Amino acid sequence: MKSKTEELSPRPLSLSIRRGMAGNCPHCGKGKIFGRYLKVLPECAVCHEDLSPQRADDLPAYVVLFIVGHIVIGGMMTVETYWEWPVSWHIILWPILTLILSLTLLPRVKGAIISLQWALRMHGFVTPRDRNTPKFPNAQEVVP
Ligand SMILES: [Zn+2]
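Residues numbered from 1 in each chain as written. Predicted model: local features only at pLDDT ≥ 70, side-chain atom pairs only at ≥ 80, totals over all residues. Heavy atoms only, no water.

As for the packing of aromatic side chains
Counted by the stated rule, this structure contains three aromatic pairs. Centre to centre, the rings of tyrosine 82 and tryptophan 83 are 6.1 Å apart; their planes meet at 65°, and the pair counts as edge-to-face. On the basis of relative accessible area, tyrosine 82 is assigned to the exposed category, the value being 62%. Taken together, a centroid distance of 5.6 Å and an interplanar angle of 65° make the contact between tryptophan 85 and tryptophan 89 edge-to-face. Through successive ring pairs, a cluster of aromatic residues spans Trp85, Trp89 and Trp94. Positioned above the aromatic ring of tryptophan 118, the side-chain terminus of arginine 11 is 4.4 Å from the ring centre. (Phe/Tyr/Trp six-rings, centres within 6.5 Å; stacked < 30°, edge-to-face > 60°. Buried < 20%, exposed > 50% of the residue type's maximum accessible area, 1.4 Å probe, protein only. Lys NZ or Arg CZ within 6 Å of the ring centre and 35° of its normal.)

Pasting the structure below:
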C-alpha cells in the first residue's frame, strides 16, 4: 500500500521557489507567472497550470520591507559609524536605494511566495488527482 505522500505528484520546494523568483511558472519553469509587473496570470501559458488560487496578498510587501529595511538601516548605521557624509548625500542616496531595492525585490519575492504556496499545495493549488487522496479529503470545497 502506498503512503499518502507517494500518492501526490512531487512538487520540489526549492526548485519551485527558484522558478518563482525568476518570474516563471513553479510547475514547468518555462511559462511566466506575471502578465505585468505584479499582475499574476490566471494560468501558465506553457503547461496551463492554474495560478488563480494564489493568495500572496500583502506578504510580499512585508517580506520586502523586512529585507530592504535591514539593508538600508544597516547601511545608514555603517556609514554613520565609519564616515562623515554630508546630510545631502544621505537625503539623496537612501531614498533612491530604498526605491530601487523595493521595486526590484517585489516581483521576485511575490513569485517566490506564489511558488511556495503551489509547492505546499496551499489554498486551491490542489490538482484533481490530489483531490482523490486521503491528504486532501475536503479539497473539493476549496476550489469552486
Ligand atoms: Zn507552467
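Observations concerning the packing of helix α1 (residues 13-21) against helix α3 (residues 87-119)
Contact geometry of α1 with α3 gives a least axis separation of 7 Å together with a crossing angle of 150°. Taken as a pair, α1 and α3 cross one another with a handedness that is right-handed. Note on element contacts: α3 touches α1 through Arg108, Gly111, Ala112, Ser115, Leu116, Trp118 and Ala119, opposite Leu13, Ser16, Ile17, Gly20 and Met21. In terms of residue class, the contact of α1 with α3 is built from seven nonpolar, four polar and one charged. (Axes fitted to C-alpha atoms, helices over the stretch in contact; angles between N-to-C directions. Helix = DSSP H or I, 4+ residues; strand = E, 2+ residues; numbered from the N terminus. Left-handed = near helix turned anticlockwise from the far one by under 90°. Contact = heavy atoms within 4.5 Å. Nonpolar A, V, L, I, M, F, W, Y, C, P; charged D, E, K, R; others polar.)

Details of the packing of helix α2 (residues 59-82) against α3
Relative to each other, α2 and α3 sit at 150°, their axes nearing to 8 Å. Here α2 lies roughly antiparallel to α3, going by the angle between them. α2 and α3 meet at a crossing whose hand is right-handed. Grouping the amino acids of the contact of α2 with α3 by side-chain chemistry returns 18 nonpolar, four polar and two charged. (Parallel < 35°, antiparallel > 145°, perpendicular 65-115°, else oblique.)

A short note on α2
End to end, α2 covers 35 Å across 24 residues, agreeing with the expected 34 Å (1.5 Å per residue, within 8%). Along α2, the positions that sit buried rather than exposed are Pro60, Val64, Val68, Val72, Gly75 and Val79. The secondary structure elements touched by the buried residues of α2 are α3. (Expected span 1.5 Å × (residues − 1).)

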